[in-house]
Amino acid sequence: MPLLFSDDSVHDFLLYHSVPTLKVDLSTAVNSAHSTVSRYFSKEDMPTIPNEWSEFNYWDLCEEFSEELQATMPPGARPASMSPPPAVRVELAVVDAYVRVIFPQVRRAMKALNLDIQTDRSSLRDHPTDNVRESKADRQMVDIDGNMRLVGEAKPSWNYNSNWYQGQNRVKRDTARQVLSQVVFYMWEWDLRYGFIMTDQEFVAVRRVGSNYGDIEISEDVQWRPRNDGFVRDVHAVSHGLSRSHV
């Protein structure tokens, strides 16, 4: 039976406040696969086909966090309509879209749940703490006490697709595993249980499940599509909640 949420709930805010869908400009796309090349992580450390994190799906998460998602958003929290971001043609455009389009919504919801976070890497450099050190992860989710909670990588869809793990193209399979190894490296660096990969087409959550480096699970992909952008924000918000409640 579908869960019912009030019109002014956090869930309603996340799900129905649509943001512009990201557009891809393949005619001028710039390949930035070099950003995943490092002596610190390798596709060889990742399983050929990662196990599925089956519990990370919309309905199960809504049920598990129903009390939090039912919380009432404070007055005036609903943002004005947003103009479409520039078409994605480089990796940094995906990061920029996250910062300008998605994160303001997530942060409003998280503040309503008393789970305030920071993600601006420049603020970490300006206000360093003993618990935070420089990291090259695209997105660094830091709580108000300066503790790292969640890391993520933003990639253009021509450099990562979660369907590639089981595809016939070996180059694409290796590329997907290399991107995954990058996220897992940052998770181990910070001793975190959760991470994510976001592209201009999908969102995938990553979870460490064992003591070995390759003991991970990834969620089913959450697709960007018209009238479903709130779904992506919902997943982000819940993943932040997971990172705060399961340190």
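Anything mentioned here points back to the structure above.
Residues numbered from 1 in each chain as written. Predicted model: local features only at pLDDT ≥ 70, side-chain atom pairs only at ≥ 80, totals over all residues. Heavy atoms only, no water.

Caption draft 1: Geometry of the packing of aromatic side chains. As enumerated under the stated definition, the model contains seven aromatic pairs in all. Taken together, the ring pairs in this structure connect Trp53, Phe56, Tyr194, Phe196 and Phe203 into an aromatic cluster. (Phe/Tyr/Trp six-rings, centres within 6.5 Å; stacked < 30°, edge-to-face > 60°.)

Caption draft 2: Geometry of a negative patch on the surface. Together, Asp60, Glu63, Glu64, Glu67 and Glu68 make up a region of like negative charge exposed at the surface. Where the negative patch is concerned, the elements lending two or more residues are helix 2 (58-64) and helix 3 (66-69). The biggest single contributor to the negative patch is helix 2, with three residues. Here Glu63 shows up in helix 2. For Glu63, a relative accessible area of 53% translates into the label exposed. (Patch = residues over 30% accessible without salt bridge, like charges linked within 9 Å, V, L, I, M, F, W, Y side chains within 5 Å. Areas by Shrake-Rupley, 256 points an atom, 1.4 Å probe, with all protein chains shown as cover. Salt bridge = Lys/Arg side-chain N within 4 Å of Asp/Glu carboxyl O. Lys, Arg positive; Asp, Glu negative; His and termini not counted. Charge placed at Lys NZ, Arg CZ, Asp CG, Glu CD. Helix = DSSP H or I, 4+ residues; strand = E, 2+ residues; numbered from the N terminus. Buried < 20%, exposed > 50% of the residue type's maximum accessible area, 1.4 Å probe, protein only.)

Caption draft 3: Highlighting the environment of Asp200. Considering the arrangement of structural elements, one finds Asp200 in the loop between strand 5 (194-198) and strand 6 (202-208). For Asp200, a relative accessible area of 2% translates into the label buried. Once the C-alpha coordinates of Asp200 and Ser157 are considered, the two residues, 43 residues apart in sequence, prove to be 5.9 Å apart. A polar contact is formed between the side chain of Asp200 and the backbone nitrogen of Ser157, at a distance of 2.8 Å. (Polar contact = N/O pair within 3.5 Å; in protein donor to acceptor, adjacent residues only side chain to side chain.)

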